[in-house]
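Chain residues, written in single-letter form:
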Amino acid sequence: MNEAFFDKKDYKSLDRVDGRLKVTGAARYSAEYQLSGLVYAVLVESKIAKGTIKSIDSKAAERAPGVLAVISHVNAIKVPGYQTSNQHPSEPPVNGQPLRAFYDNNVYYNGQPVAVVVASTLEKAQYGASLVKIQYEKEQHKTDFDANMESAVLPAQAKKNPKSPVADYSRGDKNAFANAPVKIDAEYVLPTEVHNPMELQAITAHWEAEDKLTVYDKVQGTQPTQKQFAKEWNLPPENVKVIATFVGGAFGNGLHNWPHETAAIIAAKQVKKPVKLVLTREQMFTMVGYRPYTWQKIQMGATKDGKLVAINHESVGQTSSYEEFTESTLQQTRMMYASPNINTRYRILKLDVSTPIWMRGPGEATGAFALESAMDEMAFSLNIDPIEFRLMNYTDSDPDKQLPWSTKYLKECYDAGKEKIGWEKRKMQPGSVRSGEWLVGYGMGTGTFGANRGVAAVRAELDAEGNLLMQCAITDIGPGTGTAMVQIASNTTGIATDKITFQLGNSQFPKAGNQGGSSTVNSVGPAVQAACNALKEQLKTMIASNGGSQAAFASAKTDDILFVNGQIQIAGSDSAKVDIGTLFKQNNIRKIETTQESKPDENRNKYSMYAFSMHFAEVHVHSLTGQIRVKKVVCCADAGTIISPKTAANQMIGGATGGIGMALMESAIIDHRFGRYVTKDFAEYHVPVHADVPHVEVFFVNKPDTLADPVGSKGLGEIAIIGVAPAIANAIFNATGKRIRELPITPDKLI
Amino acid sequence: MIQFQYVRTSTPKAAVDAVSKAQNARFIAGGTNLVDLMKRDIMKPEKLVDINNIPLKGIEQQGNKIVIGALALNSQVADNKLVQEKLPLLSQSLNAGASAQIRNMATVGGNMMQRTRCNYFYDTAMPCNKREPGSGCGALEGFNRMHAIFGTSEKCIAVHPSDMCIALVALDATVVTTGPKGERRIPFSEFHRLPGDNPEKDNNLMENELITAVEIPDNAFTRNVHYLKIRDRASYAFAVVSVAAALHIENNTIKDARLAMGGVSHKPWRLTGAEKALIGKPASEETFRNAANIAMEGAKTFKYNAFKLKLGPNTIVQALKNAAEPV
């Protein structure tokens, strides 16, 4: 089993339906709509971390060639929806007030957008922006997490609601840790990480009429964005159109609408022309969220024979001064292992920085670094193999929700991964395995994420040539949503994949939320299935009404009605074969269509639904120089039915790559004297290059979870990264005996 | 970026003339660093004199030296047969730098002229004496993990970023220039400067002087050489610490040695004391460790780069081991 997932010759999997468009440059991204009269906007950012703007001198900029406007709080038109609250309509409640573009003269963080320069070309706008001079009234800022950690507070939502997921949690005996025979007590630190997708955040804003707005916007949800801007501008939602046909990666930073988007819309309104605004790479660090700097402490207690008796898990995550961002850092500690006694305590620390946002594996990836490192530390203390230790504390139902799992095939993941990584080569004693001057280590980490499902609707249209067209407002930020949906439609109808088109990324299409939280296949997939089945129902009725040999269709099950070689048949029978062209002609129609909605059912209350993953890593560390090479990664996922094997494996490999970055490289560092990032481009903020990413072997359990949703999928965008960083950190410990609890693990920490 | 003039020239003299006529003009070749610096308003030349049409791309043996034209591309030099055969250390160092795409654009002269990657130099909102003399050194008490441990001053603790230059200083190269006052030859070790009170000056080029070539003696370091670069990822990152090592070994005795370090100083850091400690000694780990310890004498660290006191000598030892026993 040494060949890569993609290389398996016998693996039948659809190529990406939009792959050719992407690799030939024909796919159009948000910054690639060359509208007539288009002008360019460049943001000016604050250079202090806290205070107020005393004055803005924009004269030189205004006089610069090609500059059409310099817009700031001084002269920006008032955004009508800003006058009250700017709570995002489609996100869970976050206590506080999202940052409003050019609303007043307050500066909340270094790098905040404070003005925008609009000009006839990008270069002229950039030059104009460089001429804007801003005077500030500085105030003392706080950006240093470590120095201010004592100011961390319970989130307001937990104060209001003791059942909030971020409220303090206790199960069993609160003091069980104190009496545990074997104890681990350790602190873990995850630095700020920035999503940094390849495509920069971009928006092209166009007021087609005084009250009619179209935006080509890099977002993860077209309809959530539509709702947001409709609210901001006091417009009926149907007057706002959001297009995001292609999104060049996002990892969560398109789950929120940010001030730069409103800045472009304001600018378009003021200059009365369509405006394009693309963030710079530096601006991606301060304007579109990040994974928050997080401190964690784990106290873990076990019996000498390897039974967990207590886990106390504390976390403090960074947020901004103006919004309380929270995430589910501690969730998996409550449900992953069969410890009778668990305490979790979640706090946030408000600093003069921008607000974080969910980043791939939000919360869980951070929490898993601590939990799965601690599990490894405990296993080592107990002299028990880390996999054995996890199996000894395996739980067959959710001890948190006290519900049965819908499905859980984590043991299959352990078994497959163990074999594929060559776990038998691992020795318990660190430093025991060498390859020349390199120390060799093996490690593993578990991941989990909720098998989420939302409401979605799909419109489907079938024409007389047997072409199936589907539409949904969902976006595709890279996982291959179109490909998976075409596959589901083909599986449901029997129509060949090359006759199926799935259109997405347009707010005018039927209902969908954000692409986020590993929920797209689980939410949109069932709607595709429902729409296809509704079309088949229509066909069935039409055919049956022909009578004669086709009357048998009346009693056929919808599932059995399939296109076989382009003709409609009752599967598994020698039924009549119906040509769709003839059928439509007989009925004097050119096409049939339907729109079907699908939503979560009551099983959500009866079962606990999670996807699971296991990551294994073989890591080599140079004994003298501390250089680290990840030699092999094996990813095993229990994500329900795998609809599209290629794109699914692609996601797992991408997650492993992100996990390598998290473990070994990524860190956005602030110089606290200035409250300003000092690693804010790709030269300073490292992500893995090809040479850092080894052979990644992917294994899927591929068993359906039809309790979670009718297509049987549990989602895998998040579990692809959750657990990778601890697998690498654990492998480094196994190689060197050095337990690094602060990421990233760089060579200087290992010499 | 400010607006600027752009002219092309095809002889060294025309280039020097063109640059001399303007107040604030720069030569441009590959532009792999200068264009970035201009985009960020770190350098604001009013005029660019494009020298790419000047025939300075040759790589040839002239008597007992190898002469490489200033406009030879980094990738072209790294892949050149003569260089691979006679100057394998130079080839290795070039391939350790940047990315394939950048090496295909960047020239030998430009590589020598590249500016530091200090975070504070690169951000116009931050103090930096190199970018804006008198504004202070942001790195001195700031985030200085990548910064210098040798030859620093109160004004600047930035490091020189090139890999190629570490090999060139080890190999006793000479920089050939032409300028308003004619041609001159500068020993490579005297080409770059320490920051002192004038960190805005990276090197000792005179005003309007153009690098035309680099000469490297054919001193037969052809077998026992190694360029070892420690960085935070496997490729496409600047050195945390790097070492260029070249040895002549006969009967396991070191007859001659060249040693230089990158990522530790404002200039490519030649380790002559450590070289002396190697010569005449057996090629053993003990010898290497002794030389490495000597190499670190006089090092001064800052808040975030103290690890270089350990990583530095370890990298020297490993580079020497690799040189002594090439794979």
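- An unreviewed UniProt entry annotates chain B as Xanthine dehydrogenase family protein subunit M of Dyadobacter flavalbus.

- In the annotation of an unreviewed UniProt entry, chain A is listed under the name Xanthine dehydrogenase family protein molybdopterin-binding subunit and assigned to Dyadobacter flavalbus.

**Let's talk about the overall build of chain A**
Reasoning step 1: When helices and strands are tallied, chain A shows 17 helices and 31 strands.
Reasoning step 2: For 751 residues, the compact-globule estimate of 2.2 N^0.38 gives 27 Å, and the C-alpha radius of gyration of chain A, at 27 Å, lies within 12% of that figure.
Reasoning step 3: Its C-alpha atoms give chain A principal-axis dimensions of roughly 80 × 75 × 50 Å.
Reasoning step 4: Buried positions account for 63% of the 751 residues belonging to chain A.
Reasoning step 5: Look at the contacts in chain A between residues 6 or more apart in sequence, and 81% of them connect residues 24 or more apart.
Reasoning step 6: For chain A, the computed accessible surface area is about 27100 Å², with 49% contributed by carbon and sulfur atoms.
Reasoning step 7: Across chain A, the 80 positively charged side chains and the 78 negatively charged ones have centroids separated by 2 Å.

**Points about the interface of chain B and chain A**
Reasoning step 1: Opposite the 37 residues of chain B that make contact, chain A presents 34 residues.
Reasoning step 2: Across the chain B to chain A interface the summed buried area is about 2900 Å²; carbon plus sulfur atoms make up 58%.
Reasoning step 3: At the surface where chain B touches chain A, the tally comes to six salt bridges.
Reasoning step 4: Ionic pairing is found between R40 of chain B and E282 of chain A, a salt bridge with its closest N-O pair at 3.6 Å.
Reasoning step 5: Connecting chain B to chain A are 14 residue pairs in polar contact (both at pLDDT 80 or more).

**Overview of the domain arrangement of chain B**
Interfaces are often described in size by the accessible area the parts lose on coming together.
Reasoning step 1: Along its sequence, chain B is organised into domain 1 (5–50) and domain 2 (224–324).
Reasoning step 2: One C-alpha centre belongs to domain 1 of chain B, the other to domain 2 of chain B, and the line joining them spans 36 Å.

**Concerning the sheet that holds strand β1 (residues 5–8) of chain B**
Residue and element names in this part refer to chain B.
Reasoning step 1: Strand order in the open sheet formed by three strands is β1-β3-β2, and the pairing between neighbours is parallel. Two strands lie at the open edges of the sheet, namely β1 and β2 (25–28), each paired on one side alone. Strand-to-strand, the axes of this sheet are offset by a mean angle of 25°, without reference to chain direction.
Reasoning step 2: In this structure, β1 lies alongside strand β3 (residues 47–50), joined through four bridges in parallel fashion. Paired with Y6 across the strands is L48, a residue of β3.

**Let's talk about the pattern of salt bridges**
Reasoning step 1: Applying the stated criterion across every chain yields a total of 44 salt bridges over all chains.
Reasoning step 2: Note that R676 of chain A and D123 of chain B form a salt bridge whose closest N and O atoms lie 2.6 Å from each other. With R676 of chain A in strand β30 (residues 676–677) and D123 of chain B in the loop between α7 (108–113) and α8 (164–170), this residue pair bridges two chains.
Reasoning step 3: The class for D123 of chain B is buried, based on a relative accessible area of 4%.
Reasoning step 4: The closest approach of N and O atoms between E275 of chain B and R270 of chain B, which form a salt bridge, is 2.5 Å.
Reasoning step 5: What emerges from the salt-bridge pattern is a single network uniting D172, D256, R258, R270 and E275 of chain B.

**Structural notes on the pairing of strand β9 (residues 224–230) of chain B**
Residue and element names in this part refer to chain B.
Reasoning step 1: Most of β9 is tucked away, with seven of its seven residues classed as buried.
Reasoning step 2: The side-chain alternation of β9 yields two buried faces, one formed by N224, H226, L228 and I230 and the other by V225, Y227 and K229.
Reasoning step 3: Bridge analysis of β9 against strand β10 (residues 241–250) gives seven bridges, and the strand direction is antiparallel. Its bridge partner lying in β10, N224 is registered against L247.

The rules behind each value
- Residues numbered from 1 in each chain as written.
- Chains lettered and ligands numbered in written order.
- Predicted model: local features only at pLDDT ≥ 70, side-chain atom pairs only at ≥ 80, totals over all residues.
- Heavy atoms only, no water.
- Helix = DSSP H or I, 4+ residues; strand = E, 2+ residues; numbered from the N terminus.
- Rg over C-alpha atoms; globule rule 2.2 N^0.38 Å.
- Buried < 20%, exposed > 50% of the residue type's maximum accessible area, 1.4 Å probe, protein only.
- Contact = heavy atoms within 4.5 Å.
- Areas by Shrake-Rupley, 256 points an atom, 1.4 Å probe, with all protein chains shown as cover.
- Lys, Arg positive; Asp, Glu negative; His and termini not counted.
- Charge placed at Lys NZ, Arg CZ, Asp CG, Glu CD.
- Buried area = accessible area lost by both parts, 1.4 Å probe.
- Salt bridge = Lys/Arg side-chain N within 4 Å of Asp/Glu carboxyl O.
- Polar contact = N/O pair within 3.5 Å; in protein donor to acceptor, adjacent residues only side chain to side chain.
- Domains from an automatic or database assignment.
- Pairing = 2+ DSSP bridges.
- Axes fitted to C-alpha atoms, helices over the stretch in contact; angles between N-to-C directions.

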